Each structure stands twice: as C-alpha cells, then as structure tokens.
Amino acid sequence: DAKTTQPPSMDCAEGRAANLPCNHSTISGNEYVYWYRQIHSQGPQYIIHGLKNNETNEMASLIITEDRKSSTLILPHATLRDTAVYYCIALRRGGGNKLTFGTGTQLKVEL
Amino acid sequence: AAGVIQSPRHLIKEKRETATLKCYPIPRHDTVYWYQQGPGQDPQFLISFYEKMQSDKGSIPDRFSAQQFSDYHSELNMSSLELGDSALYFCASSFGTGNYGYTFGSGTRLTVV
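Here's a quick rundown of the structure. Everything numeric here is computed off the predicted structure, so don't read it as measured data. (Residues numbered from 1 in each chain as written. Chains lettered and ligands numbered in written order. Predicted model: local features only at pLDDT ≥ 70, side-chain atom pairs only at ≥ 80, totals over all residues. Heavy atoms only, no water.)

Notes on the packing of aromatic side chains
- Counted according to the given criterion, the structure contains eleven aromatic pairs over all chains.
- With centroids separated by 5.1 Å and ring planes inclined at 65°, the aromatic side chains of Tyr 33 of chain B and Tyr 102 of chain B adopt a geometry described as edge-to-face. Of this pair, Tyr 33 of chain B sits in strand E4 (residues 31-37) while Tyr 102 of chain B sits in the loop between strand E9 (87-94) and strand E10 (103-104); the two residues are 69 residues apart in sequence, bridging distant segments of the chain.
- Ring centres of Tyr 35 of chain B and Phe 104 of chain B lie 5.5 Å apart, and the angle between their planes is 50°; on these two criteria the pair is classed as tilted. One end of the pair, Tyr 35 of chain B, is in strand E4; the other, Phe 104 of chain B, is in strand E10, and 69 residues separate them in sequence. Both residues of the pair, Tyr 35 of chain B and Phe 104 of chain B, count as buried.
- An aromatic cluster of at least three residues, connected via ring pairs, comprises Tyr 34, Tyr 36, Tyr 46, Tyr 87 and Phe 101 of chain A together with Tyr 33, Tyr 35, Phe 45, Tyr 102 and Phe 104 of chain B. (Phe/Tyr/Trp six-rings, centres within 6.5 Å; stacked < 30°, edge-to-face > 60°. Helix = DSSP H or I, 4+ residues; strand = E, 2+ residues; numbered from the N terminus. Buried < 20%, exposed > 50% of the residue type's maximum accessible area, 1.4 Å probe, protein only.)

A short note on the interface of chain B and chain A
- Facing 18 residues of chain B, the contacting portion of chain A comprises 22 residues.
- Taken together, the two surfaces of chain B and chain A that pack against each other cover about 1,600 Å², and 51% of this comes from carbon and sulfur.
- Ionic pairing is found between Lys 98 of chain A and Asp 56 of chain B, a salt bridge with its closest N-O pair at 3.0 Å.
- Seen at the junction of chain B and chain A, the total is six residue pairs in polar contact (both at pLDDT 80 or more).
- Looking at the side of chain B that touches chain A element by element, the count peaks at three residues for E4 of chain B.
- In terms of residue class, the side of chain B that touches chain A is made up of eight nonpolar, seven polar and three charged. (Contact = heavy atoms within 4.5 Å. Buried area = accessible area lost by both parts, 1.4 Å probe. Salt bridge = Lys/Arg side-chain N within 4 Å of Asp/Glu carboxyl O. Polar contact = N/O pair within 3.5 Å; in protein donor to acceptor, adjacent residues only side chain to side chain. Nonpolar A, V, L, I, M, F, W, Y, C, P; charged D, E, K, R; others polar.)

Considering the state of the cysteines
Residue and element names in this part refer to chain A.
- Within this structure, the stated rule accounts for two disulfides over all chains.
- Between the sulfur atoms of Cys 22 and its disulfide partner Cys 88 the distance amounts to 2.1 Å. Around the S-S axis, the bridge from Cys 22 to Cys 88 shows a dihedral of about -80° and counts as left-handed. Residue Cys 22 is found in strand E2 (residues 18-23), and its partner Cys 88 is found in strand E8 (residues 84-92); the two are separated by 66 residues along the sequence. (Disulfide = S-S within 2.5 Å.)

Notes on the layout of surface pockets
- Estimated volume of the largest pocket: approximately 440 Å³.
- Lining the largest pocket are 23 residues, and of these His 40 and Ser 41 of chain A together with Gln 37, Gly 40 and Gln 41 of chain B lie nearest its centre.
- Of all the secondary-structure elements, those providing two or more residues to the lining of the largest pocket are E8 of chain A together with E9 and strand E11 (108-112) of chain B.
- Its residues placed into classes, the lining of the largest pocket shows eight nonpolar, 13 polar and two charged. (1 Å grid on protein atoms, 1.4 Å probe; cavity = no way out; pocket = protein on both sides within 12 Å on 5 of 7 lines; lining within 4 Å. Points joined across faces, edges and corners; volume = space filled by probe spheres on them.)

Regarding the sheet that holds strand E3 (residues 31-38) of chain A
Residue and element names in this part refer to chain A.
- One open sheet accounts for five strands, arranged E1-E9-E8-E3-E4; its pairing is mixed. Among the strands making up the open sheet, the edge pair consists of strand E1 (9-13) and strand E4 (45-50). Taking the axes of each pair of neighbouring strands and ignoring which way they run, one obtains an average angle of 25° across the sheet.
- With three bridges connecting them, E8 and strand E9 (residues 105-110) associate as antiparallel partners. Bridging across to E9, Ala 84 finds its partner in Leu 107. (Pairing = 2+ DSSP bridges. Axes fitted to C-alpha atoms, helices over the stretch in contact; angles between N-to-C directions.)

As structure tokens, then:
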C-alpha cells in the first residue's frame, strides 16, 4: 500500500471548517483513500473513503485531486469533540488487507 | 447497532504471567484484525483471521498467539508477559475484504507490572 504523508498537527477554531491534507503521491490505481480518526485512547473510528470521486457523508467530505496524488478531509463545522488524531490510509481493497496506520494529524479544535 | 465487543476492558498482570484477550466481531463479519498501541504510538497491526484461518501476520511476538473460532470470535493469547507488552489492544472486524470499512472495538488496556 502507498505511503501517505500528513502534517503532524493542526489547530482549528470551533465552528470553522477543518481541512486536513494528505499526500499520497505513489498511490496506485486500485488503492482507495481511507480516513479514520482516534479520539484519545478510543478505538479508531471510520470517517470516509474514496477512490477518485469526491465523497460526502454525515461526518465529512473527502476531496481527491484529479491526479489522485493528494486528498483533503473536510470537517465542515468542527466541534471540540472532533479533537482527535486523523489518519489517512491508502488501501488496496481485497484479500483481507489490513489497515496500516502511519503518523496521523493531531487536530485540536479550540474555542 | 451492534459493535465490536472486546473483553476485558482493563487487565493487570504480573511479568511472566499469561493473558487472554477476547474479541466478538459484528454479526456476519468474518474477518478479525488485532492491533497493539503502545503509549504515544500509532496502532500497529499484529495478526488477522478470515473465515477462521490466519490471513496476515504483522509484528506479533512469538510469545503471542491467536485464533478465530467457529462463531467468528477471536482470542489473543499472550504468554511470558513483559513490561513492554503494556498497551492498548484493539480488535477490528470487517465483512470479507473490508470493502465496507473496518469497525474497531473499544480496546483492552493491558498493564503488566
């Protein structure tokens, strides 16, 4: 699976949009981009995933560049409860592939 | 909705003792993954099972073993515990190849003293 690169930390004001970038320049055509987050000491939580089209669900939006070398997770109205470590993972679906966690982004949402 | 159930939530063991962690996947999920997360670290993959067969293996010490049973629950057995085994242990489950996401349990916090 392709390596991903994320900034180690970001701050966001409550109520504002949080835009978390991820670089995956070596991603292959059959690898999806998955986003998970981990609130302190809790189990990682699935947020969203996509292949090449932009995706949106009740939690977030995922914007993938046309060349698929980078993506941005958008939390439209961040709250204090969104403070967590966010992981961007490139994953080839199939064959029971496991999620491999790299060093994610610690997002701190402040008043 | 049913989630992944892990037991116990907390466990304290002495060095050289044995521990068994249990994981009950979401109903109809047939794949289980185990992760270890040390203090201040990211989750590290240990081992996975698909349809009761080991499907992948990560950095799991030889002192650890695991299996998936006929009802799809899984157990992680840890022997000759060391202080460095103190960590959060997460189990995740998925249906088949995880195309619909992986769901994690709340974890077991193991403390070795």
